[in-house]
Amino acid sequence: MSVFQESVRTILESIGEDPGREGLVKTPERVEDAWRVLTVGYAQDPMATLRRAVFEEHCNEMVMVREIELYSMCEHHLLPFFGKCHVAYLPKNRIVGLSKLARVVEIFARRLQVQERLTTQIAEAVQGALDPYGVGVVIEARHLCMMMRGVEKQNSLAVKSCMLGSFQSDAATRNEFVDLVGRSHSL
Ligand SMILES: [Zn+2]
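What you see is a predicted model, and the numbers here were worked out from it, not measured in a lab. (Residues numbered from 1 in each chain as written. Predicted model: local features only at pLDDT ≥ 70, side-chain atom pairs only at ≥ 80, totals over all residues. Heavy atoms only, no water.)

1. Considerations on the overall build of the chain
Of regular secondary structure, the chain possesses eight helices and seven strands. Taking the principal axes of its C-alpha atoms as reference, the chain extends roughly 65 × 40 × 20 Å. Counting over 187 residues, the chain shows a buried share of 41%. Expressed as a percentage of contacts within the chain between residues at least 6 apart in sequence, the contacts between residues at least 24 apart total 70%. Summing over all exposed atoms, the chain offers an accessible surface of approximately 10,200 Å²; the carbon and sulfur share of this is 52%. The centroid of the 22 positive side-chain charges in the chain is displaced by 1 Å from the centroid of its 24 negative side-chain charges. (Helix = DSSP H or I, 4+ residues; strand = E, 2+ residues; numbered from the N terminus. Buried < 20%, exposed > 50% of the residue type's maximum accessible area, 1.4 Å probe, protein only. Contact = heavy atoms within 4.5 Å. Areas by Shrake-Rupley, 256 points an atom, 1.4 Å probe, with all protein chains shown as cover. Lys, Arg positive; Asp, Glu negative; His and termini not counted. Charge placed at Lys NZ, Arg CZ, Asp CG, Glu CD.)

Next up, the structure:
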């Protein structure tokens, strides 16, 4: 049994469960398998992922991918938070395959996170790889650590944004982005 699995057994014992009963015998193994998937992002390089897919293009219109599905784990409680991520940038003659933006969201999400840092990391990765005029990222998420424990239940949709470059300095760009984000009512 791995250290991870031993630890899960200890948790089961400490909540008063019997790790030997039928339904729980294979739980440590299953939890380890699940956690390997949930934290696979530590072994992946978001910058390399983006840089591989960058190409020159004379485009100066905002590029946006809306409603990227997001599942992550809150580092404070080791409980999931999930929602949608919206990513946009204003290219400076360099663009990236749209699927790569979703991929970067996933790489950062599959680590222990807080929503604020996740938002910033995605924005900074896009800024770093593309050197665009600006980047905007908004994450709308529901946190099970709040919902299941009854904390702030009424207001459990947390919204965080990170604006870089022209998304921060230029009101028209920011407003265009915020307006596009506002049109999604997906959660
Ligand atoms: Zn939490």
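2. Examining the pairing of strand 3 (residues 79–90)
In the case of a regular strand, side chains alternate between the two sheet surfaces. Within strand 3, nine of the twelve residues are buried, leaving the element largely enclosed by the surrounding structure. Bridge count for strand 2 (residues 63–74) against strand 3 is ten bridges, and the pairing is antiparallel. Within strand 3, the residue paired with Met-64 across the bridge is Ala-88. A loop of four residues connects strand 2 with strand 3, the two strands running antiparallel in sequence, and Leu-78 in this loop sits at a positive phi of about 55 degrees. One ladder, built from ten bridges, connects strand 3 with strand 6 (residues 134–143); its direction is antiparallel. Along strand 6, the bridge assignment pairs Phe-82 with Arg-142. (Pairing = 2+ DSSP bridges.)

3. Overview of the nonpolar core
In terms of nonpolar packing, the biggest core is built from 33 residues, with Cys-85, Val-87, Tyr-89 and Ile-122 touching the most fellow members. Every element with two or more residues in this core is listed here: strand 2, strand 3, strand 4 (94–96), helix 4 (98–109), helix 5 (115–130), strand 6, helix 6 (144–147) and strand 7 (157–165). When residues in this core are grouped by element, the largest group, seven residues, is from helix 5. Counting residues in hydrophobic clusters, the runner-up holds eight residues, among them Met-62, Leu-90, Val-138 and Phe-167. (Core = buried A, V, L, I, M, F, W, Y, C linked by side-chain atoms within 4.5 Å.)

4. Examining the side chain of His-143
Along the chain, His-143 turns up in strand 6. Within the structure, the side chain of His-143 is placed 2.7 Å from the side chain of Gln-115, a separation counted as a polar contact. In contact with His-143, other than residues within four places in its own chain, are Pro-80, Phe-81, Gln-115, Ser-156 and Ala-158. (Polar contact = N/O pair within 3.5 Å; in protein donor to acceptor, adjacent residues only side chain to side chain.)

5. Thoughts on the side chain of His-86
Its location among the elements puts His-86 in strand 3. A residue is classified by how much of its surface remains accessible, and His-86, at 0% relative accessible area, is buried. Reaching out from His-86, the side chain makes a polar contact with the side chain of Glu-140 at a distance of 2.7 Å.

6. Description of the coordination of the zinc ion
At this site the zinc ion is bound by Cys-74 (SG), His-77 (ND1) and Cys-145 (SG), with donor distances of 2.1 to 2.3 Å. Each donor residue of the zinc ion lies on one chain, and together they are spaced C-x2-H-x67-C. Taken together, the residues span a long stretch of sequence, with His-77 in the loop between strand 2 and strand 3 and Cys-145 in helix 6 at a distance of 68 residues. Using a relative accessible area of 34% as the deciding quantity, one classes His-77 as partly exposed. (Donors = N, O, S within 2.8 Å, 3.2 Å for Na, K, Ca; no water.)

7. Looking at the packing of helix 4 against helix 5
With their axes 10 Å apart at the nearest point, helix 4 and helix 5 run at an angle of 140 degrees to one another. Relative to helix 5, the element helix 4 lies oblique. Helix 4 and helix 5 meet at a crossing whose hand is right-handed. In this structure, helix 4 uses Leu-101, Val-104, Val-105, Phe-108 and Ala-109 to contact helix 5, whose residues at the interface are Leu-118, Gln-121, Ile-122, Ala-125 and Val-126. (Axes fitted to C-alpha atoms, helices over the stretch in contact; angles between N-to-C directions. Parallel < 35°, antiparallel > 145°, perpendicular 65-115°, else oblique. Left-handed = near helix turned anticlockwise from the far one by under 90°.)

8. Concerning the packing of aromatic side chains
Tallied over the full model, the rule gives two aromatic pairs. For the pair Tyr-71 and Phe-82, a centre-to-centre distance of 6.4 Å together with 20 degrees between the ring planes defines the contact as stacked. Residue Tyr-71 is found in strand 2, and its partner Phe-82 is found in strand 3; the two are separated by eleven residues along the sequence. Consider the rings of Phe-167 and Phe-177, whose centres lie 5.5 Å apart with planes at 75 degrees: the pair is edge-to-face. (Phe/Tyr/Trp six-rings, centres within 6.5 Å; stacked < 30°, edge-to-face > 60°.)

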